[in-house]
Amino acid sequence: MSAVKLLTVSGDEGEQRLDRWFKRRFPQLTQGAVEKMCRTGQVRVDGARAKASDRVVPGMEIRVPPLPDSEAPSRPLRDGVSAADTKMIQSCVLFKDEHIIVLNKPPGLPSQGGSGQGDRHVDGLTEALKFGYKERPKLVHRLDKDTSGVLILARTDRVARALSEAFRHRNTRKIYWALVAGVPHPRQGSIKYALMKAPGHGRGGEGEKMLCIHPAKTADYPDAKRAQTDYFVLWFLGSRLSWVALEPITGRTHQLRAHMAEMGHPILGDGKYGGGGADNLGDGWGAQVGGDISRKLHLHARSLSVEHPITKAMMTFVAQLPEHMAKTWKTFDWNEKDVPADPFVTEEK
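Analysis parameters
- Residues numbered from 1 in each chain as written.
- Predicted model: local features only at pLDDT ≥ 70, side-chain atom pairs only at ≥ 80, totals over all residues.
- Heavy atoms only, no water.
- Helix = DSSP H or I, 4+ residues; strand = E, 2+ residues; numbered from the N terminus.
- Buried < 20%, exposed > 50% of the residue type's maximum accessible area, 1.4 Å probe, protein only.
- Contact = heavy atoms within 4.5 Å.
- Areas by Shrake-Rupley, 256 points an atom, 1.4 Å probe, with all protein chains shown as cover.
- Salt bridge = Lys/Arg side-chain N within 4 Å of Asp/Glu carboxyl O.
- Arc of directions from axis to C-beta.
- Core = buried A, V, L, I, M, F, W, Y, C linked by side-chain atoms within 4.5 Å.
- Phe/Tyr/Trp six-rings, centres within 6.5 Å; stacked < 30°, edge-to-face > 60°.
- Lys NZ or Arg CZ within 6 Å of the ring centre and 35° of its normal.
- UniProt positions renumbered as here; feature names shortened; annotations may be inferred.
- Axes fitted to C-alpha atoms, helices over the stretch in contact; angles between N-to-C directions.
- Parallel < 35°, antiparallel > 145°, perpendicular 65-115°, else oblique.
- Left-handed = near helix turned anticlockwise from the far one by under 90°.
- Pairing = 2+ DSSP bridges.

Trainee: Just checking my understanding: could you explain the overall build of the protein for this structure?
Mentor: Per the secondary structure count, the protein includes seven helices and 18 strands. Relative to its 349 residues, the protein shows a buried fraction of 48%. Sequence-distant contacts, at least 24 apart, represent 66% of the contacts inside the protein between residues at least 6 apart. In the structure as shown, the protein presents an accessible area of about 17,300 Å², 49% of it carried by carbon and sulfur atoms.

Trainee: Is there a simple way to explain helix H1 (residues 18-25) in this structure?
Mentor: Residues lying three or four places apart along an α-helix face the same way, a consequence of the helix completing one turn every 3.6 residues. Among the residues of H1, Leu 18, Asp 19, Trp 21, Phe 22 and Lys 23 are the ones counted as buried. For H1, the secondary structure elements touched by its buried residues are strand S1 (5-8), strand S2 (16-17), helix H2 (31-39), strand S3 (44-45), strand S5 (55-56) and strand S6 (61-64).

Trainee: Would you take a moment to explain the pattern of salt bridges for this structure?
Mentor: When charged atoms on two side chains of opposite charge get close, those side chains can pair. On inspection of all chains with the given rule, the structure shows 12 salt bridges. Where Lys 138 meets Asp 157, a salt bridge forms, and the shortest distance between an N and an O atom there is 3.8 Å. Within this pair, whereas Lys 138 is found in strand S9 (residues 138-139), its partner Asp 157 is found in helix H4 (residues 157-168), the two being separated by 19 residues in sequence. No difference in accessibility class separates Lys 138 from Asp 157, as the two residues are buried. Here Arg 173 ties to Asp 342 by a salt bridge, and the two come within 2.8 Å at their closest N and O atoms. Taken together, the residues Arg 173 in strand S11 (residues 172-181) and Asp 342 in the segment after helix H7 (323-331) connect sequence positions 169 residues apart.

Trainee: What is the right way to read H7 from this model?
Mentor: Those residues of H7 that fall on the buried side of the exposure criterion are His 324, Met 325, Thr 328 and Trp 329. For H7, the buried positions fall inside an angular range of 140 degrees around the axis, keeping them on one side. Across from the buried face of H7, at angles greater than 90 degrees, the exposed residues are Glu 323, Lys 327 and Lys 330. Its buried side turned inward, H7 meets S11, strand S16 (241-248) and strand S17 (299-307).

Trainee: Can you walk me through the nonpolar core in this structure?
Mentor: One broad rule of soluble globular proteins: the nonpolar side chains tend to lie buried together. Within the largest apolar cluster, 27 residues are counted, with the highest numbers of intra-cluster contacts made by Leu 103, Leu 246 and Leu 299. Of all the elements in the fold, those that place two or more residues in this core are strand S8 (100-105), strand S10 (148-154), S11, strand S15 (229-237), S16, helix H5 (255-262) and S17. With three residues, S11 is the single largest residue contributor to this core. Each residue touching Leu 299, except ones within four places of it in the same chain, is listed here: Asp 146, Thr 147, Ser 148, Tyr 176, Trp 177, Ala 178, Leu 246, Leu 256, Arg 257, Ile 267 and Met 325. Core analysis: the second largest hydrophobic core is formed by 18 residues, Val 9, Leu 29, Ala 50 and Val 56 among them.

Trainee: Honestly, the packing of aromatic side chains in this entry has me stumped. Any pointers?
Mentor: The relative placement of two aromatic rings is captured by the distance of their centres and the angle of their planes. Applying the stated criterion to the full structure yields nine aromatic pairs. With centroids separated by 5.2 Å and ring planes inclined at 90 degrees, the aromatic side chains of Trp 21 and Phe 22 adopt a geometry described as edge-to-face. For Phe 22, a relative accessible area of 0% corresponds to the buried category. Taken together through their ring pairs, the aromatic side chains of Trp 177, Trp 243, Trp 329, Phe 332 and Trp 334 make up a single cluster. Here the guanidinium or amino end of Lys 96 rests over the ring plane of Phe 131, the centre of that ring lying 4.7 Å away.

Trainee: What should I look at first to understand the side chain of His 259 in this one?
Mentor: One can find His 259 in helix H5. His 259 gets classed as buried once you look at its relative accessible area, which sits at 0%. Apart from residues lying up to four places away in sequence, His 259 is in contact with Ile 191, Tyr 193, Leu 195, Cys 212, Ala 227, Gln 228 and Thr 229.

Trainee: What exactly am I supposed to notice about the UniProt feature "active site" (unreviewed entry) in the protein here?
Mentor: In the numbering used here, UniProt assigns the "active site" (unreviewed entry) feature to Asp 144. With respect to the helices, strands and loops of the structure, Asp 144 is situated in the loop between S9 and S10. The contact partners of Asp 144, leaving out residues within four places of it in the chain, are Lys 105, His 254 and Arg 257.

Trainee: What's the story with the packing of H1 against H2 in this structure? I'm lost.
Mentor: The description of two packed helices rests on the angle between their axes and on the distance between the axes. Their axes nearest at 10 Å, the elements H1 and H2 cross at an angle of 125 degrees. It follows that H1 is oblique to H2 by the angle criterion. By crossing handedness, the relation of H1 to H2 is classed as right-handed. Where H1 abuts H2, its residues Leu 18, Asp 19, Phe 22 and Lys 23 lie against Gln 31, Val 34, Met 37 and Cys 38.

Trainee: Whenever I open this one, the pairing of S17 confuses me. Can you help?
Mentor: For S17, the tally of buried residues reaches eight of nine residues, placing the bulk of the element in the interior. Sheet topology places S10 next to S17; two bridges connect them, and they run parallel. The residue bridging Gly 149 from the neighbouring strand is Ala 301, located in S17. Note that S11 and S17 share seven bridges and pair antiparallel. Bridged to Ile 175 within S17 is Ser 303. Pairing analysis gives five bridges linking S17 to strand S18 (residues 314-318), with the strands arranged antiparallel. Residue pairing for S18: Glu 307 is matched across the bridge by Met 314. With antiparallel pairing between neighbouring strands as the criterion, S17 and S18 make up a hairpin whose turn holds six residues, including Lys 312 at a positive phi of roughly 70 degrees.

In structure tokens form, the structure reads like this:
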């Protein structure tokens with residue numbers, strides 16, 4: 001067992017739920033273990049008792065009780081993983097070795113359980129991803145429920161810690177593909193609006209949204225966090241729609257969705273930030289276009305580049321578009337071979 005620790009939330013970690021902070025720092029912990037430590041008062045935030053759902057911000061001091069040095073025992077699911085779900089989640093595997101498993105997460109499947117997410121999520125299906133190991137693989141980062149694409153899991157605590165550090169210090173490179181309303185101008189640029197959480201409704205904070213704060217006004221909003229998204233227009237359809245590549249330089253909640261909506265180019269299918277089909281946000285056309293185009297969110301984590309935690313080889317994983325986006329691309333006669341894999345790379349002179 002480790003000793004009691006007093007740890008400070010770093011600036012790089014931003015604002016997040018206390019349970020998520022724990023699981024990023026200590027990937028071996030289960031959700032139930034974190035909630036129990038909070039419920040019994042073993043966890044303190046700035047000296048006070050706290051709930052797992054409480055928000056922590058940089059500068060707060062967190063009391064971490066003694067934790068087991070070895071991996072937490074595998075947590076059996078209440079009813080096990082069904083044969084259908086086993087087949088589904090195993091079909092999502094893009095790559096696996098003795099250290100990591102990489103998935104192409106389907107849209108509609110949450111990464112982890114939480115408020116309003118239900119019982120079916122990637123973390124709850126990892127029993128089917130053990131592939132002979134005694135322990136379940138562990139999440140080291142997350143994608144929104146309706147966002148598809150590359151998601152990496154660690155097969156051991158050692159690897160989970162290494163990958164968590166890589167994500168925390170941004171030693172990874174992520175590129176997303178999105179279909180947005182309108183055509184951003186200029187065709188390539190950076191969005192640097194800070195983000196601040198607006199309260200939602202309900203006991204669990206359902207309906208939370210991120211508000212964009214102009215960089216010149218961040219001093220007036222102490223809760224606003226620096227955020228940057230680089231974008232590149234890959235293809236466009238007249239002035240109505242654009243296929244864009246997005247690179248999140250920071251990793252704030254709903255960052256890509258909020259930033260594109262603030263530009264007046266909401267991501268198609270984004271009811272939270274894009275509004276209805278009749279809305280004309282800026283020079284965009286709202287988040288729905290009608291016809292045969294799916295109303296699902298058109299946001300996909302296309303690729304992830306990361307240094308392998310053991311071999312130290314730089315690896316890039318690429319995920320194919322989900323069915324609804326592939327159908328949209330086919331409708332517009334767009335082909336992935338016609339665009340650069342990484343449009344943000346600049347040639348060195």
